[in-house]
Amino acid sequence: MIAEEIAWGCTGIGTAMEANTLAEAPVLVGGSDEQKRRFLAPMTKEFRLAAYCVTEPQAGSDVQGIKTVARKAGDDYVLKGSKMWITNGSVADWYFVVAYTDPSQRYKGMSACVVPRDSPGIEVGKKEQNLGQRASDTRAVTFNDVKVPKANLIGEEGKGFLLAMSAFDHSRPVVSAAAVGLARSAMDHAIRYAKERTTFGVPIHKHQALAFMVAEMAMKIEAARLLVWQSAWKIDRGERNTKEAAFAKAFAADTAMETALNAVQVFGGYGFSREYPVEKLMRDAKVFQIYEGTSQIQRLIIAKEIFERS
Ligand SMILES: Cc1cc2nc3c(=O)[nH]c(=O)nc-3n(C[C@H](O)[C@H](O)[C@H](O)COP(=O)(O)OP(=O)(O)OC[C@H]3O[C@@H](n4cnc5c(N)ncnc54)[C@H](O)[C@@H]3O)c2cc1C
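None of the values given here were measured: they were computed from a predicted structure.

A. A look at a nonpolar patch on the surface. A surface patch of nonpolar side chains, amounting to about 370 Å² of accessible area, comprises Met-1, Leu-226 and Trp-229. Tracing the sequence through the fold places Leu-226 in helix α5 (residues 208-236).

Structure below.
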């Protein structure tokens, strides 16, 4: 509910805040009590940010394609590789990083660790000039032989992929709620404008073709919100929500994009202008179909859940 309201105001700000959920979730799932005290407890006491570092320049959907490695050296790992598209890359206090400890084992050879931002050898790239959500900081983060103490390994060696994926069951309901918030904002603007603007002697909402566009928005927003709440309710009860979180993510992201696009249509020429709010919403909406698993990947997950788990 909070994520929806913040996103109603600005999804760029919402994404910057939500990135903490994504980075913290695998520590919550796989971290020891000592690690939770060290990394998570401070996040509840003061303003701190964390970043989730999985994607690389050559590998996003296909996580097994990452190249970053963590080599053992005494009581440390030495981390080498580059991450891309990292939300809060320049402002995070720590990074959750997935790297290969044994590349020959494919996804079973990936491990996860927490890397404090002030570790020597970390290089942060320029702020990416994105289409939308420009309030959110997105950067490349490179680890040049960064020493990471073994005490910062989350879970066991070889569990990195599973931990990284487990984060999404927690974070997808939140990111989907943000997509609902954006869609609601676009619809609110569309309704207000449809009452004010007149053509052919009547307010434009009196034209059925336009009113139906808004009816479609309202119906899909309501459905998206219920999917979001279902996925959040399941994880709160400690139940597996992988399929429901993918339902929510795919449907809410597509609803946000369609609603923002149609809100621009309701505004006519003014919708195309930067002086009106809906063009920003249309630019901001697009990334919901890309990050935290693209809309195609959500459908892959749903199909896998249907055909391989039931
Ligand atoms: C603003 C922003 C913030 C981000 N923040 C983070 C972050 O904090 N941490 C992080 O780790 N990553 C982050 N990402 C990365 C994001 O998760 C990836 O961009 C996303 O997973 C897609 O990966 P890719 O860009 O490599 O596209 P690709 O995986 O190369 O996909 C390209 C296209 O092919 C499609 N495709 C790929 N495989 C299949 C398949 N098997 N079947 C059907 N279609 C397929 C995709 O859906 C997509 O349309 C962020 C990205 C953006 C844009």
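Okay, back to it.
B. Up close: the pattern of salt bridges. All told, the structure shown has 20 salt bridges when counted by the stated rule. In this structure, Lys-234 engages Glu-244 in a salt bridge whose closest nitrogen and oxygen atoms are separated by 3.5 Å. Of this pair, Lys-234 sits in helix α5 while Glu-244 sits in helix α6 (residues 242-266), and the two are 10 residues apart along the sequence. No difference in accessibility class separates Lys-234 from Glu-244, as the two residues are buried.

C. Spatial organisation of the environment of Arg-139. Within the secondary structure, Arg-139 sits in strand β7 (residues 138-149). Since its relative accessible area comes to 17%, Arg-139 is described here as buried. For the pair Arg-139 and Ser-90, spaced 49 residues apart in sequence, the C-alpha separation works out to 7.0 Å. Apart from residues lying up to four places away in sequence, Arg-139 is in contact with Met-84, Trp-85, Ile-86, Gly-89, Ser-90, Val-124, Gly-125, Lys-126 and Lys-127.

D. Region of the structure containing the site of the ligand. In the neighbourhood of the ligand, 17 residues make up the surrounding shell, with Thr-55, Ser-61, Trp-85, Thr-294 and Gln-296 lying closest. Here a nitrogen atom of the ligand sits 2.7 Å away from a polar atom, N or O, in the main chain of Trp-85. A distance of 2.8 Å separates a nitrogen atom of the ligand from a polar side-chain atom of Thr-87. Here the ligand occupies the largest pocket. Looking at the shell around the ligand, the elements with two or more residues in it are β3 (76-87) and α8 (295-308). Examining the composition of the shell around the ligand, we find that three residues originate from one element, β3, more than from any other. Considering only residue class, the shell around the ligand consists of eight nonpolar, eight polar and one charged.

E. Focus on unusual backbone geometry. The phi dihedral of Trp-85 is positive, around 65°, even though this residue is not glycine. Looking at the element boundaries, Trp-85 is found in strand β3. Not every positive phi belongs to a glycine, and Asn-88 is a case in point at roughly 70°. By the secondary structure assignment, Asn-88 is in the loop between β3 and β4 (94-100). Residue class for Asn-88 comes out buried when judged on its relative accessible area of 2%.

F. Representation of the pairing of β7. Bridge count for β3 against β7 is nine bridges, and the pairing is antiparallel. Of the residues in β7, the one forming a bridge with Leu-79 is Val-146. Where strand β6 (residues 122-124) and β7 come together, three bridges link them in antiparallel fashion. Counted as the bridge partner of Ile-122 is Phe-143 from β7.

G. Region of the structure containing the nonpolar core. In this structure, Leu-182, Val-266 and Phe-288 are the most contacted members of the largest nonpolar core, which totals 35 residues. Mapped by element, the contributors of at least two residues to this core are α4 (160-196), α5, α6 and α7 (278-285). It is α4 that contributes the most residues to this core, 12 residues altogether. Leave out the neighbours within four places in its chain, and Leu-182 touches Ala-7, Thr-11, Ala-256, Ala-260, Leu-281, Asp-284, Ala-285 and Phe-288. Within the second largest apolar cluster, 26 residues are counted, among which are Ala-50, Tyr-52, Val-54 and Leu-163.

H. Structural context of the packing of aromatic side chains. Inspection of every chain in the model, using the stated rule, returns nine aromatic pairs. Ring plane angle 15° and centroid distance 4.2 Å describe the contact between Tyr-193 and Phe-267, whose orientation is recorded as stacked. You can see Tyr-193 sitting in helix α4 and its partner Phe-267 sitting in the loop between α6 and α7, a full 74 residues away along the chain. As far as the burial class goes, Tyr-193 and Phe-267 line up, both buried. Through a chain of ring-to-ring contacts, the aromatic side chains of Tyr-193, Phe-267, Tyr-270 and Tyr-276 assemble into a single cluster.

Basis of the calculations
- Residues numbered from 1 in each chain as written.
- Predicted model: local features only at pLDDT ≥ 70, side-chain atom pairs only at ≥ 80, totals over all residues.
- Heavy atoms only, no water.
- Patch = residues over 30% accessible without salt bridge, like charges linked within 9 Å, V, L, I, M, F, W, Y side chains within 5 Å.
- Areas by Shrake-Rupley, 256 points an atom, 1.4 Å probe, with all protein chains shown as cover.
- Salt bridge = Lys/Arg side-chain N within 4 Å of Asp/Glu carboxyl O.
- Helix = DSSP H or I, 4+ residues; strand = E, 2+ residues; numbered from the N terminus.
- Buried < 20%, exposed > 50% of the residue type's maximum accessible area, 1.4 Å probe, protein only.
- Contact = heavy atoms within 4.5 Å.
- Near = heavy atom within 4 Å.
- Polar contact = N/O pair within 3.5 Å; in protein donor to acceptor, adjacent residues only side chain to side chain.
- 1 Å grid on protein atoms, 1.4 Å probe; cavity = no way out; pocket = protein on both sides within 12 Å on 5 of 7 lines; lining within 4 Å.
- Sits in = over half its atoms within 2 Å of the grid points.
- Nonpolar A, V, L, I, M, F, W, Y, C, P; charged D, E, K, R; others polar.
- Pairing = 2+ DSSP bridges.
- Core = buried A, V, L, I, M, F, W, Y, C linked by side-chain atoms within 4.5 Å.
- Phe/Tyr/Trp six-rings, centres within 6.5 Å; stacked < 30°, edge-to-face > 60°.

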